[in-house]
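# Structure at a glance
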Amino acid sequence: MSNENSTLYSKKNLPGNFAKIGQMLLAVGLILVVLAYFVDHTRSAFNNLILLMFLTSIGVGSLFLVAMEYLGGAVWSTPFRRITEFFAAVILVIPLAAIPIYFNLHDLFHWTHAEAVAEDKILAGKSSYLNETFFIIRIVFFIAVWFLFYFLIIKNSKKQDSSGDPKLTTRNIKLSAVFIPIFGLTITFASIDWVMSLEPHWFSTIFGVYFFSGTILAALAFTTFIVVYMNEKGLLIKGIKKDHYYSLGAYLFAFINFWAYIAFSQYMLIWYANLPEETFWFLQRWEGGWMYISIALIIIHFVVPYFGLLSQPSKMNPKRLMFMSIWILFAHIIDLYWLIMPTYSKDSVPLGWIELAFPILAIGAVITVFSIKAKKENHVPIGDPKLKRGLDFRL
Amino acid sequence: MSTVDYTREISVIEGQPPLREIDEVISKPLETKPDKKFYMAISVTLTMLLIGGIALGLSFYYGTGLWGNNNPVGWGLPIVNFVFWVGIGHAGTLISAILFLFRQKWRTGIARFAEGMTIFAVMTAGIFPLIHVGRPWLAGYLIPYPNQHSLWVNFTSPLLWDVFAVSTYFAVSFIFWYVGLIPDFAALRERTTNKIKKVIYSIGSLGWRNSNRHWQHYEMVYLILAGFATPLVLSVHTIVSFDFAISILPGWHTTIFPPYFVAGAVFSGFAMVQNVLIFIRKIFNYEHIITLKTLENMNKIILLTGSMVGYAYAMEFFIAWYSGVQPEQFTFLNRAFGPYAWAYWIMVSCNVISPQLFWFKKIRTTIPVMFVIAVFVNVGMWFERFVIVVTSLSRDYLPSSWAYFTPTLTDFGILIGSFGLFFTLLLIFTKTLPVVSIAEVKAVVDGSQPSHKDH
């Protein structure tokens, strides 16, 4: 099997400036971020949280997409599963983004202040969950679990390149079955810990699902962009066609709708019931100029990509797909900004070079991780028994 | 570790039967007289229907005081049953529309039947809100129209949104089902020798001649209707969940309700479809069309949605504690350890624990075991609605008005009647229309697809 495929595939390197752009963004981002920390410590810590959430979205979300392919037995995405695997490697840099958070817990999280908790009955009630020790234990645990499954799943996939052993697929299906429920729980509690607890009085049962929907969308956008980009330049493998593009577009489209559905459900129910212990969170995102960001979020995260990918031809148009992927990544950053920053600044919308520095670093980091992996490894899982079927895939 | 051949697609229809044989097998129940088993089955379901009819007749004569509904549990069993039956309907649309958009070929064998179940379940569900209003003959006022009294419905009430959502859902499901039936009507029209049947089938087939152009239009319409039905199916149970979630009652007002209700609906619906199909495939000899693999796939979806429901239960519990809001915390402790603890633990063990057994391939592919688990799921999902409706209402904000709700015999009579109605309609369906789509099944038999390979 693997011999037959390896004749179809010969590795072609990414254009040299691809890695260079990544490194440049990474370097510029890094310098700006260090500067930002000197200029405004607290503000940078909040932006750092956006960075952490973004890298989590891309890394863990990509690993979830890989696991879904195995578990669902999908074949259409097999020819470019390796691309998603490269993005999953972003998991490895999550700790680097998490360490600054550890040193700034007091600036970020109100509940870490013992004197505030002592005065506040509700916070005191939560202190068995929201306390620094348990919080750190959870962070370490989440990241450790993600590392573990990253190494287990990716190792088998890589090994298959040379051996072509179908048993490795079976093994990965089993690993994916274990990973997916664990993913569901870790991503939920990570979002509760890192984002929801910024406003420790606020609570919403759907919050984990909300973050999950954005996560998958962002991870998928990166994969879509790179697959279309590389395939249009002929850098992947012969056989990836409009049918694959359509499926990627439809996948994106489904999650755009899913995100909107979850976001609407959360807003609608809180608005309608009008209970003060819940509404204040949305009021924060309406007053002091935040109204514009809230409205922009609806347009950027839902309306534009919805109409941009609604029609059948648009899901197969490489230019449209690439544009929409970048757009969705931008939307995800806006979403994270909207979730996190109102806690930092209630009466004005902070928009300055610091807010640019961290996304630049984030994008730079993702591209750099990707180009390092892409340089070392095959871009296509050539030993995968499903590869041939994936290339033959037709709608 | 078993070695699976991943290089080949698993056939949806086993044994590559000749296309003619598919015609024969599927239309056989329509061309033969009902046998003894059929009469036995329908006598049971008609008896159940009769019990429901009597219970309902008594309720009309003596009034709704025959039911257990009282303060503070004003919603009682009718609403529990309503949500249960609407939920059952969801699997049909998921299989026929959403899995169609996902291009899952294994849906072909079961789609028609599941859609039929959707229609019957929504019909059954529709009875409950009507009788629950107490004066069903005034239900026409739910439809907003300009009238001399300048009387308008309350547009801000989710109960009214339900009227719109469920009726739209029913209409679209029915059209979708009928459009799928058109080519089959034509096939039956050609086969039948009975004159009356021929007329009926001819009208149903709308002049279908299997021409290229017909197929082209058909495929287009089918795709568009699937695209319509998909958001509709989500909206219906979302709005049903709004009935609860927009209130401020602890245990009802929680933001995860919409996706949680949709997952629960698909969960119970799949369990019901699986239960009935196990009999259908055996009795009608459809084992090569509705294969064990199809049943296994359904069990996987039951596992997936069951886990989602379990996630929602856990999240509700955790956030109730985390919120620090006392009534919230009390409500959930009351559910698990209060007077309705028995119902709560039936719900948890049936909905969360039993489907987890489907992690094992052996259990997923053993018919008696999967049947029992799916029955548990249905029981559990009925109890889920019971727990939601009853526990929250029976102990609301005002402890002086707390009361224990006990359903009466009339309540159960109507519940039995609803099952009677559903299964009677289903049995009639099996003898009047093809329960498996003839045209679609032919398209997924191995070797019938045009080859895409570059030769």
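Residues numbered from 1 in each chain as written. Chains lettered and ligands numbered in written order. Predicted model: local features only at pLDDT ≥ 70, side-chain atom pairs only at ≥ 80, totals over all residues. Heavy atoms only, no water.

Looking only at helices and strands, chain A has 18 helices and 0 strands in total. Its C-alpha radius of gyration of 21 Å places chain A within 12% of the 21 Å reference for a compact globule of 395 residues. Each principal axis of the C-alpha atoms in chain A carries an extent, and together these give about 70 × 40 × 40 Å. Nonlocal contacts in chain A, meaning residues at least 24 apart in sequence, comprise 84% of its contacts between residues at least 6 apart. Averaged over its 31 positive side-chain charges, chain A has a centre that lies 16 Å from the centre of its 24 negative ones. (Helix = DSSP H or I, 4+ residues; strand = E, 2+ residues; numbered from the N terminus. Rg over C-alpha atoms; globule rule 2.2 N^0.38 Å. Contact = heavy atoms within 4.5 Å. Lys, Arg positive; Asp, Glu negative; His and termini not counted. Charge placed at Lys NZ, Arg CZ, Asp CG, Glu CD.)

In this assembly, 51 residues from chain A lie in contact with 40 residues from chain B. Here chain A packs against chain B, burying approximately 3,800 Å² in sum over the two surfaces, 71% of which is carbon and sulfur. Contact with chain B buries area across many residues of chain A, yet Thr205, Tyr261 and Leu269 of chain A alone supply 19% of it, more than any other trio. Put simply, chain A and chain B have 0 salt bridges between them. If you look at where chain A meets chain B, you find 11 residue pairs in polar contact (both at pLDDT 80 or more). Going through the elements one at a time, helix H8 (121-126), helix H10 (166-194), helix H11 (207-232), helix H12 (242-273) and helix H13 (276-284) of chain A are the ones with two or more residues in the side of chain A that touches chain B. No other element matches H10 of chain A, which puts 14 residues into the side of chain A that touches chain B. Grouping the constituent residues of the side of chain A that touches chain B by class yields 29 nonpolar, 12 polar and 10 charged. (Buried area = accessible area lost by both parts, 1.4 Å probe. Salt bridge = Lys/Arg side-chain N within 4 Å of Asp/Glu carboxyl O. Polar contact = N/O pair within 3.5 Å; in protein donor to acceptor, adjacent residues only side chain to side chain. Nonpolar A, V, L, I, M, F, W, Y, C, P; charged D, E, K, R; others polar.)

What follows is about the confidence of the model for chain B. Confidence in the prediction for chain B averages 89 pLDDT; 98% of positions are at 70 or higher. This prediction of the complex comes with two scores: 0.93 for pTM and 0.92 for ipTM. (pLDDT = per-residue confidence, 0-100.)

Our next topic: the side chain of Ser325 of chain A. Within the secondary structure, Ser325 of chain A is located in helix H16 (residues 318-344). Looking at Ser325 of chain A, its side chain comes within polar contact range of the main-chain oxygen of Leu321 of chain A, at 2.7 Å.

Taken together, the buried positions of helix H11 (residues 341-353) of chain B are occupied by Ala341, Ala343, Tyr344, Met347, Val348, Cys350 and Asn351 of chain B. On its buried face, H11 of chain B sits against helix H8 (257-283), helix H9 (292-323), helix H10 (326-337) and helix H13 (367-394) of chain B. (Buried < 20%, exposed > 50% of the residue type's maximum accessible area, 1.4 Å probe, protein only.)

Residue and element names in this part refer to chain B. The peptide bond linking Asn71 to Pro72 adopts the cis configuration, its omega dihedral lying at 0°. Its location among the elements puts Pro72 in the loop between helix H2 (36-62) and helix H3 (76-101). Backbone geometry at Leu206 places phi at a positive 50°, although glycine is not the residue there. Tracing the chain through its elements places Leu206 in the loop between helix H6 (195-205) and helix H7 (212-245). Leu206 sits in the exposed class, given a relative accessible area of 57%.

Moving on to the pattern of salt bridges. On inspection of all chains with the given rule, the structure shows 24 salt bridges over all chains. Among the ionic pairs, Lys388 of chain A bridges to Asp392 of chain A, the shortest N-O distance being 3.3 Å. By relative accessible area, which is 30% here, Lys388 of chain A ends up partly exposed. Between Glu24 of chain B and Arg191 of chain B there is a salt bridge, with its nearest N and O atoms 3.5 Å apart. Pair noted here: Glu24 of chain B is in helix H1 (residues 19-31) and Arg191 of chain B is in helix H5 (residues 158-191), with a separation of 167 residues, a long-range link. Note on Arg191 of chain B: relative accessible area 25%, which makes it partly exposed. One salt-bridge network, held together by shared partners, links Glu69, Arg81, Arg82, Glu85, Asp161, Asp384 and Lys386 of chain A.

All names here are of chain A. With respect to the helices and strands, the residue Leu185 is situated in helix H10. Among the residues examined, Leu185 registers a relative accessible area of 47% and is labelled partly exposed. Sequence spacing of Leu185 and Gly208 is 23 residues, and the spatial spacing of their C-alpha atoms is 8.5 Å.

Another aspect to go through is the packing of aromatic side chains. Under the definition given, this model contains 102 aromatic pairs over all chains. Pairing Phe142 of chain A with Trp146 of chain A gives two aromatic rings, centres 6.2 Å apart and planes at 25°, and the pair type is stacked. Of this pair, Phe142 of chain A and Trp146 of chain A are both found in helix H9 (residues 132-163), 4 residues apart, which corresponds to roughly one turn of the helix. Accessibility expressed as a relative area gives 0% for Trp146 of chain A, which makes it buried. Here the aromatic rings of Phe207 of chain A and Trp281 of chain A are separated by 6.5 Å at their centres, their planes lie at 90°, and the arrangement is edge-to-face. Highlighted residues: Phe207 of chain A in helix H11 and Trp281 of chain A in helix H13, separated in sequence by 74 residues. Classification of Phe207 of chain A by relative accessible area gives buried; the value is 1%. Residue Trp281 of chain A is classed as buried on the basis of its relative accessible area of 3%. The ring of Tyr322 of chain B has Lys126 of chain A sitting right over it, with the charged end atom 4.0 Å from the ring centre. Above the plane of the ring of Phe134 of chain A lies Arg138 of chain A, whose end atom (NZ or CZ) is 4.4 Å from the centre. (Phe/Tyr/Trp six-rings, centres within 6.5 Å; stacked < 30°, edge-to-face > 60°. Lys NZ or Arg CZ within 6 Å of the ring centre and 35° of its normal.)

Right, let's get into the packing of helix H4 (residues 108-132) of chain B against H5 of chain B. Residue and element names in this part refer to chain B. Running from amino to carboxyl end, H4 crosses H5 at an angle of 150°, the nearest separation of the two axes being 10 Å. Viewed along their axes, H4 and H5 form a crossing whose handedness is left-handed. Between H4 and H5, the residues in contact are Arg112, Glu115, Gly116, Thr118, Ile119, Val122 and Met123 and Val166, Tyr169, Phe170, Ser173, Phe174, Phe176, Trp177, Gly180, Leu181 and Asp184, respectively. Residues that form the contact of H4 with H5 fall into these classes: 10 nonpolar, 4 polar and 3 charged. (Axes fitted to C-alpha atoms, helices over the stretch in contact; angles between N-to-C directions. Left-handed = near helix turned anticlockwise from the far one by under 90°.)

Another point: a positive patch on the surface. All names here are of chain A. Residues Lys155, Lys159, Lys167 and Arg171 make up a contiguous surface patch of positive charge. Listing elements by their share of the positive patch, those giving two or more residues are H9 and H10. Here Lys167 shows up in helix H10. The partly exposed category is assigned to Lys167, whose relative accessible area is 34%. (Patch = residues over 30% accessible without salt bridge, like charges linked within 9 Å, V, L, I, M, F, W, Y side chains within 5 Å. Areas by Shrake-Rupley, 256 points an atom, 1.4 Å probe, with all protein chains shown as cover.)

What follows is about the side chain of Ser191 of chain A. All names here are of chain A. Within the secondary structure, Ser191 is located in helix H10. Residue Ser191 is classed as buried on the basis of its relative accessible area, which comes to 0%. Side-chain polar atoms of Ser191 contact the backbone oxygen of Thr188, separated by 2.7 Å.

Glancing now at a nonpolar patch on the surface. All names here are of chain B. Residues Phe60, Trp137, Leu138, Tyr141, Leu142, Ile143, Tyr145 and Leu151 make up a contiguous nonpolar surface patch of roughly 840 Å² in combined accessible area. As for its placement among the helices and strands, Ile143 is situated in the loop between H4 and H5. Note on Ile143: relative accessible area 53%, which makes it exposed.

This part is about the packing of H8 of chain B against H9 of chain B. Residue and element names in this part refer to chain B. Running from N to C, H8 and H9 cross one another at 150°; their axes reach a closest spacing of 9 Å. Between H8 and H9, the angle is such that the two are roughly antiparallel. Our pair here, H8 against H9, has a crossing hand that is left-handed. Class assignment for the residues of the contact of H8 with H9 results in 19 nonpolar, 5 polar and 2 charged. (Parallel < 35°, antiparallel > 145°, perpendicular 65-115°, else oblique.)

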